Amino acid sequence: MMEAGPRPPVEITWLWRRIFTYLASLANAGLLAAVILKVRDAQGLAALGLALIAANVVLATLYLAGATVTDWARIAGAARGGPRDGEGGA
């Protein structure tokens with residue numbers, strides 16, 4: 001029987017990014033619904049609508065173009081002036 005190679009990093013499958021995005025979207029919608037039920041001011045509802053659009057844009061950006069965990073680790077290491085292992089183009 002042929003052995004499978006090492007498992008790819010989890011981020012390659014986007015699993016955790018999907019889970020985070022779906023849970024954040026559900027929490028966003030639930031909290032927004034709760035606030036809408038309480039707010040009676042039209043200006044307040046307009047501001048909430050714009051905030052929801054902005055939150056959805058941020059979530060979509062994180063989901064589609066967000067850096068992987070390893071990218072964030074490299075960015076943090078560079079900001080701290082740490083070693084630059086693995087840099088140089090692959």
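What you are looking at is a predicted structure, and each value in this text was computed from that prediction instead of being measured.

Visitor: Just to check I follow, could you spell out the overall build of the protein chain for this structure?
Guide: Along the backbone of the protein chain there are 3 helices and 0 strands. Here the protein chain, with 90 residues, has 10% of them falling under the buried criterion. Carbon and sulfur atoms form 70% of the exposed surface of the protein chain, whose accessible area is close to 7,400 Å².

Visitor: What am I meant to see in the packing of helix α1 (residues 15–38) against helix α2 (residues 42–65) here?
Guide: Each pair of packed helices can be described by the angle between their axes along with the distance between the axes. Interhelical geometry of α1 versus α2 gives an angle of 175° and a closest axis separation of 10 Å. It follows that α1 is roughly antiparallel to α2 by the angle criterion. Taking contact as the criterion, the partners of R17, R18, F20, T21, Y22, A24, S25, N28, L32, V35 and I36 in α1 are, on α2, L45, L48, L52, A55, N56, L59, L62, Y63 and L64. When the residues that make up the contact of α1 with α2 are grouped by side-chain class, the tally is 14 nonpolar, 4 polar and 2 charged.

Visitor: What exactly am I supposed to notice about the side chain of T21 here?
Guide: Within the secondary structure, T21 sits in helix α1. The class for T21 is buried, based on a relative accessible area of 9%. Once residues within four sequence positions are removed from consideration, T21 is found in contact with L59 and Y63.

Visitor: Hey, could you run me through α2 in this one?
Guide: One turn of an α-helix holds 3.6 residues; hence residues three or four places apart share an orientation. Over its 24 residues, α2 extends 34 Å from the first C-alpha to the last, a length consistent with the 34 Å expected when each residue adds 1.5 Å. Looking at where α2 begins, the residue whose side-chain oxygen comes 3.4 Å from the main-chain nitrogen of Q43 is D41.

Visitor: Explain a nonpolar patch on the surface to me, please; I cannot follow it from the model alone.
Guide: On the surface, L15, W16, I19, L23 and L26 cluster together into a nonpolar patch covering about 520 Å² of accessible area. Mapped onto the elements of the fold, L23 is located in helix α1.

Visitor: Hey, could you run me through the side chain of N28 in this one?
Guide: Checked against the element boundaries, N28 lands in helix α1. Relative accessible area serves as the criterion here: at 18%, N28 is assigned to the buried category. Contact partners of N28, with chain neighbours within four places excluded, come to L52, A55 and N56.

Visitor: Sorry if this is basic, but what is going on with the environment of L48 here?
Guide: The residue L48 is located in helix α2 in this model. Each C-alpha atom of the pair L48 and V35 lies 8.6 Å from the other, and the pair is 13 residues apart in sequence. If we skip the residues at most four places from it in the chain, L48 touches L32, V35 and V39.

Visitor: Can you walk me through the environment of A24 in this structure?
Guide: Topologically, A24 is positioned in helix α1. A residue is classified by how much of its surface remains accessible, and A24, at 22% relative accessible area, is partly exposed. It is 7.9 Å that separates the C-alpha atoms of A24 and L59, two residues lying 35 residues apart in sequence.

Definitions and cut-offs
- Residue numbering note: each chain is counted from 1, following its sequence as written.
- Since the coordinates come from a predicted model, pLDDT governs what is reported: local features require at least 70, and pairs of side-chain atoms require 80 or more to be given and counted, while whole-chain, interface and lining totals use all residues.
- As a rule here, side-chain values cover all heavy atoms of the structure and leave hydrogens and water aside.
- Helix and strand assignments follow DSSP, with helices taken as H or I runs no shorter than four residues and strands as E runs no shorter than two, numbered in order from the N terminus.
- Burial here depends on accessible area, computed with a 1.4 Å probe over protein chains only, as a share of the maximum for the residue type. Under 20% is buried, over 50% is exposed, and the range in between is partly exposed.
- In short, Shrake-Rupley with a 1.4 Å probe defines the accessible areas, and a residue's cover is counted only from the protein chains shown.
- Think of each axis as a best-fit line through the C-alpha atoms, taken over the contacting stretch in the case of a helix, with angles from 0 to 180 degrees between the N-to-C directions.
- Reported orientations rely on four angle classes, namely roughly parallel under 35 degrees, roughly antiparallel over 145, roughly perpendicular from 65 to 115, and oblique for the rest.
- In what follows, residue pairs with any heavy atoms lying within 4.5 Å of each other are defined as contacts.
- Throughout this entry, Asp, Glu, Lys and Arg are counted as charged residues, while Ala, Val, Leu, Ile, Met, Phe, Trp, Tyr, Cys and Pro are counted as nonpolar. The remaining residues, Gly among them, count as polar.
- A helix is expected to reach a length of 1.5 Å times the quantity of its residues less one.
- By the criterion applied in these results, polar contacts are pairs of N or O atoms within 3.5 Å in which, for protein atoms, one can donate a hydrogen and the other can accept it, and in which residues neighboring in sequence qualify only through two side-chain atoms.
- Put simply, a patch holds well-exposed residues, over 30% relative accessible area, that have no salt bridge, with like charges counted together within 9 Å and Val, Leu, Ile, Met, Phe, Trp or Tyr side chains within 5 Å.
- Here a salt bridge means any side-chain nitrogen of Lys or Arg lying within 4 Å of a carboxyl oxygen belonging to Asp or Glu.

Just geometry here; none of it tells us what the structure is for.
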